[in-house]
Amino acid sequence: MSNFPRFSKVFLDTFLINIATTVLGFVSGVVLARVLGPEGRGKLALVVTSVAILGLLQGICNAGNDILLGADKTRIKRLFMQTVSWDMLLAALILILFAILPEKLVKQLVGSTNPLFLSIFIIYFIFFTADEGLKRLLTARQDFFFLKRVNLAFPFLYVSLLVIFLYGLGYGVLTVVFFLALQHMLRVLVYMWRLFSKFRE
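Predicted, not measured: the structure shown is a model, and the values here were computed from it.

## Some points on the pattern of salt bridges
It is possible for side chains bearing opposite charge to pair when their charged atoms get close.
Part 1 of the argument: One pass over the structure, following the stated rule, counts three salt bridges.
Part 2 of the argument: Residues Glu132 and Lys135 are paired through a salt bridge, measuring 3.6 Å at the closest nitrogen-oxygen approach. Residue Glu132 and its partner Lys135 are both found in helix α5 (residues 115-140); the two are separated by three residues, about one turn of the helix.
Part 3 of the argument: Look at Lys135 and you get buried, because its relative accessible area is 19%.

Structure follows, in structure tokens:
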């Protein structure tokens, strides 16, 4: 009986965060649909899908990190360095592929061969995969409430930027990809701060 207040608080907290995250996802979808149109949404989907598929390589490289950290918490610093190293190695590999593959193939894979676009794509990939890898470590440390709050705060920032720059000022797909990269970059910085604090535990 004494655990009920704590249980109810946890349930309500989780429920409200999930509702807020769902609403933010809906709002971002509406803004993207109205401003980008079918063609723009198709280009954005190609970029997001390409990053997610390439990100599977990072998932394979760090697949056992949560299990290793769960078994021995003192491994956190070594696994953190391993996660970051794999992330940078994969980014370098993609840069090499972009350099040696025919332009037509690169365009089919990511939607453009514009140097600025490819640069933002690489930045997006780096921070997307780092986000996933570091989140895996925090999940292994059972830092669930911290992760939930981060997963609410940064989508809110992302949606706010979309409304201002996309809906208000009329920017396009490249701007959305940049904001996605920015969202993941900020999350990575917050995750790193959280993990650094756990190095001393």
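## Some points on the packing of helix α3 (residues 76-100) against α5
Part 1 of the argument: For the pair α3 and α5, interaxial distance at closest approach is 10 Å and the crossing angle is 155 degrees. Taken together, α3 and α5 sit at an angle that is classed as roughly antiparallel. Between α3 and α5 lies a crossing of right-handed hand. Contact residues: Leu79, Phe80, Thr83, Asp87, Met88, Leu90, Ala91, Ile94, Leu95 and Phe98 in α3; Leu118, Phe121, Ile122, Phe125, Ile126, Thr129, Ala130, Gly133, Leu134 and Leu137 in α5.
Part 2 of the argument: A breakdown of the residues in the contact of α3 with α5 according to their chemical character gives 16 nonpolar, three polar and one charged.

## Concerning a nonpolar patch on the surface
Part 1 of the argument: Nonpolar side chains collect at one region of the surface, where Phe15, Leu16, Ile19 and Val23 lie side by side and expose about 360 Å² of accessible area between them.
Part 2 of the argument: Along the chain, Leu16 falls in helix α1 (residues 4-61).
Part 3 of the argument: On the accessibility criterion, Leu16 (48% relative accessible area) is partly exposed.

## Details of the side chain of Ser112
Part 1 of the argument: Within the secondary structure, Ser112 is located in the loop between α4 (103-110) and α5.
Part 2 of the argument: Leaving out residues up to four positions away in the same chain, Ser112 has contacts with Val106, Lys107, Phe117 and Leu118.

## Observations regarding the packing of aromatic side chains
Aromatic rings in a pair are described by how distant their centres are and how their planes are angled relative to each other.
Part 1 of the argument: Considering all chains together, one arrives at five aromatic pairs under this definition.
Part 2 of the argument: Relative to Phe196, the ring of Phe80 lies with its centre 5.5 Å away and its plane at 70 degrees, an arrangement referred to as edge-to-face. Residue Phe80 is located in helix α3, and its partner Phe196 is located in helix α7 (residues 173-199); the two are separated by 116 residues in the primary sequence.
Part 3 of the argument: You can call Phe80 buried: its relative accessible area is 4%.

## Notes on the environment of Phe117
Part 1 of the argument: For Phe117, the position within the fold is in helix α5.
Part 2 of the argument: Taking relative accessible area as the criterion, Phe117 reaches 11% and is therefore assigned buried.
Part 3 of the argument: Considering only alpha carbons, one finds Phe117 and Thr175, 58 residues apart in sequence, at a separation of 9.8 Å.
Part 4 of the argument: Not counting chain neighbours up to four residues away, the residues in contact with Phe117 comprise Val47, Val110, Ser112 and Leu174.

## As for the nonpolar core
Part 1 of the argument: Residues Leu44, Phe98, Tyr124, Tyr158 and Val176 are the most contacted members of the largest nonpolar core, which totals 32 residues.
Part 2 of the argument: Mapped onto this core, the elements with two or more residues apiece are α1, α3, α4, α5, α6 (144-168) and α7.
Part 3 of the argument: Counting residues per element, this core draws most heavily on α5, at nine residues.
Part 4 of the argument: If near-sequence neighbours (up to four positions away) are discounted, Leu44 is found in contact with Leu32, Leu36, Val173, Val176, Val177 and Leu180.
Part 5 of the argument: The next biggest cluster of nonpolar side chains, apart from the first, holds 14 residues, and it includes Ile76, Leu79, Phe80 and Ala130.

## A closer look at the side chain of Asp87
Part 1 of the argument: Within the secondary structure, Asp87 is located in helix α3.
Part 2 of the argument: The residues contacting Asp87, other than those within four sequence positions of it, are Phe125, Ile126, Thr129 and Ala130.

## Points about the confidence of the model for the protein
Part 1 of the argument: The predicted model of the protein has a mean per-residue pLDDT of 79, with 85% of residues at 70 or higher.
Part 2 of the argument: When the elements of the protein are averaged for pLDDT, helix α2 (residues 65-71) gives the smallest value, 65, and α5 the largest, 87.

## Focus on the environment of Arg136
Part 1 of the argument: Of note, Arg136 is situated in helix α5.
Part 2 of the argument: In this structure Arg136 comes out as partly exposed when scored by relative accessible area, which is 25%.
Part 3 of the argument: Sequence spacing of Arg136 and Gly59 is 77 residues, and the spatial spacing of their C-alpha atoms is 9.5 Å.

The rules we used
- Residues numbered from 1 in each chain as written.
- Predicted model: local features only at pLDDT ≥ 70, side-chain atom pairs only at ≥ 80, totals over all residues.
- Heavy atoms only, no water.
- Salt bridge = Lys/Arg side-chain N within 4 Å of Asp/Glu carboxyl O.
- Helix = DSSP H or I, 4+ residues; strand = E, 2+ residues; numbered from the N terminus.
- Buried < 20%, exposed > 50% of the residue type's maximum accessible area, 1.4 Å probe, protein only.
- Axes fitted to C-alpha atoms, helices over the stretch in contact; angles between N-to-C directions.
- Parallel < 35°, antiparallel > 145°, perpendicular 65-115°, else oblique.
- Left-handed = near helix turned anticlockwise from the far one by under 90°.
- Contact = heavy atoms within 4.5 Å.
- Nonpolar A, V, L, I, M, F, W, Y, C, P; charged D, E, K, R; others polar.
- Patch = residues over 30% accessible without salt bridge, like charges linked within 9 Å, V, L, I, M, F, W, Y side chains within 5 Å.
- Areas by Shrake-Rupley, 256 points an atom, 1.4 Å probe, with all protein chains shown as cover.
- Phe/Tyr/Trp six-rings, centres within 6.5 Å; stacked < 30°, edge-to-face > 60°.
- Core = buried A, V, L, I, M, F, W, Y, C linked by side-chain atoms within 4.5 Å.
- pLDDT = per-residue confidence, 0-100.

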